[in-house]
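One-letter residues, chain by chain:
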Amino acid sequence: MARIPGLLAAAAALTVLFVGGCAGDTGDGADAKPAVCESFAAAQLTADHIRDANVSENGLSQVRPLLTQLREQLTQLVADAKAQYATQADAIRTAVDGLTTSVETALAAPSATNLTAVRDSVGQLRESVDGLRDAISGTC
């Protein structure tokens, strides 16, 4: 039973693997980037911190604030993407809500079924963010 919080944190950290594939422009900085690019980069940085967190050493206490920060950044990302990428933004919002629900359920009642639901929610979030990343790839 002690492994479940660690597994849950690891599953939640997987939600951030989606940001690895969106590289920003590394040019001279003369191009003004849309807000969606900045919010995507902020989420990517937080994702890196979550991925680097030592959950086995520090437990969920180290990851929880980062997950909260990532959720806030994803909310900003959705807001920034809404005008130009409404379909992708709505898909992310739906996936984040689903993941939040499945994580809360797994924390309240850790079980194989609930952890599987977290994993499935992570996959849905990854797919929705991949859709936005693909859509903004020509912009960012």
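Here, the structure is the one placed above.
Everything numeric in this text was worked out from a predicted model, so none of it was measured. (Residues numbered from 1 in each chain as written. Predicted model: local features only at pLDDT ≥ 70, side-chain atom pairs only at ≥ 80, totals over all residues. Heavy atoms only, no water.)

**Observations regarding the state of the cysteines**
Covalent bonding between the sulfur atoms of two cysteines is what defines a disulfide. Using the following cut-off: In plain terms, two cysteine sulfur atoms within 2.5 Å form what is called a disulfide here. Secondary structure elements follow DSSP: runs of H or I of four or more residues count as helices, runs of E of two or more count as strands, with numbering from the N terminus. Here the term buried applies to any residue with accessible area under 20% of the maximum for its type, exposed to any over 50%, and partly exposed to those in between, with areas from a 1.4 Å probe on protein chains only.
Following the criterion strictly, the structure yields one disulfide and no others. Two residues, C37 and C140, share a disulfide whose sulfurs are 2.0 Å apart. Its S-S torsion of approximately -90° makes the covalent link between C37 and C140 left-handed. With C37 in helix α2 (residues 35-52) and C140 in the segment after α6 (112-136), this residue pair connects regions lying 103 residues apart in the sequence. Overall, the relative accessible area of 10% leaves C37 in the buried class.

**Here we look at the nonpolar core**
The nonpolar side chains of soluble globular proteins are, as a tendency, buried together. Filter applied, for reference: As used here, the term nonpolar core means buried Ala, Val, Leu, Ile, Met, Phe, Trp, Tyr and Cys residues forming a set that is joined through side-chain atoms within 4.5 Å. Only heavy atoms matter for contacts: two residues are in contact if any of them lie within 4.5 Å across the pair.
By size, the foremost hydrophobic cluster in this structure holds 29 residues, and its most contacted members are V36, I92, L125, L132 and I136. Those elements that place two or more of their residues in this core are α2, α4 (60-81), α5 (86-108) and α6. Not counting the four nearest positions on each side in its chain, V36 is found in contact with L77, D80, A81, Y85, I136 and C140.

**Side note on the pattern of salt bridges**
Rule in force here: Here, a salt bridge means any Lys or Arg side-chain nitrogen found within 4 Å of an Asp or Glu carboxyl oxygen.
The tally for this structure, following the rule as stated, stands at four salt bridges. Across the salt bridge formed by R71 and D97, the nearest N and O atoms sit 3.6 Å from each other. Separated by 26 residues along the polypeptide, R71 in helix α4 and D97 in helix α5 bring together distant segments of the chain. Of the residues examined, R71 reaches a relative accessible area of 33% and is grouped as partly exposed. Since its relative accessible area comes to 37%, D97 is described here as partly exposed. Between D130 and R133 there is a salt bridge, and its shortest N-O distance comes to 2.9 Å.

**Quick word on the packing of α5 against α6**
We apply this condition: To obtain each axis, a line is fitted to C-alpha atoms, and for helices this fit is confined to the stretch in contact; angles are then taken between N-to-C directions over 0 to 180 degrees. Here the angle decides the label: under 35 degrees means roughly parallel, over 145 means roughly antiparallel, 65 to 115 means roughly perpendicular, and every other value means oblique. Here is the rule for handedness: rotate from the far helix to the near one, and if that takes an anticlockwise turn smaller than a right angle the crossing is left-handed, while a clockwise turn gives right-handed. Asp, Glu, Lys and Arg are counted as charged, while Ala, Val, Leu, Ile, Met, Phe, Trp, Tyr, Cys and Pro are counted as nonpolar; the rest, among them Gly, fall into the polar class.
Where α5 meets α6, the axes come as close as 8 Å, and the angle between the chain directions of the two elements is 160°. By the criterion of interaxial angle, the relationship of α5 to α6 is roughly antiparallel. Along this stretch, α5 crosses α6, giving a crossing that reads as left-handed. When its residues are assigned to classes, the contact of α5 with α6 shows 15 nonpolar, nine polar and no charged.

**A look at α2**
Stated formally: Every helix has an expected span of 1.5 Å times one less than the residues it contains.
The terminal C-alpha atoms of α2 lie 26 Å apart, and with 18 residues this matches the ideal 26 Å at 1.5 Å per residue to within 8%. Every buried residue belonging to α2 is among V36, C37, S39, F40, A43, T46, A47 and I50, and all of these are buried.

**Some points on the environment of Q88**
Secondary-structure assignment places Q88 in helix α5. Given a relative accessible area of 24%, Q88 falls into the partly exposed group. Considering only alpha carbons, one finds Q88 and D130, 42 residues apart in sequence, at a separation of 9.0 Å. If near-sequence neighbours (up to four positions away) are discounted, Q88 is found in contact with G131, L132 and A135.

**Structural notes on the side chain of N114**
Selection rule: For this analysis, a polar contact is any N or O atom pair within 3.5 Å, provided that within protein one partner can donate a hydrogen and the other can accept it, and provided that sequence-adjacent residues contribute only side-chain to side-chain pairs.
Turning to its location among the elements, N114 is positioned in helix α6. A relative accessible area of 16% places N114 in the buried class. Of note is the side chain of N114, whose polar atom sits 2.5 Å from the backbone oxygen of A109. When sequence neighbours within four positions are dropped, the list of residues in contact with N114 reads S102, T105, A106 and A109.

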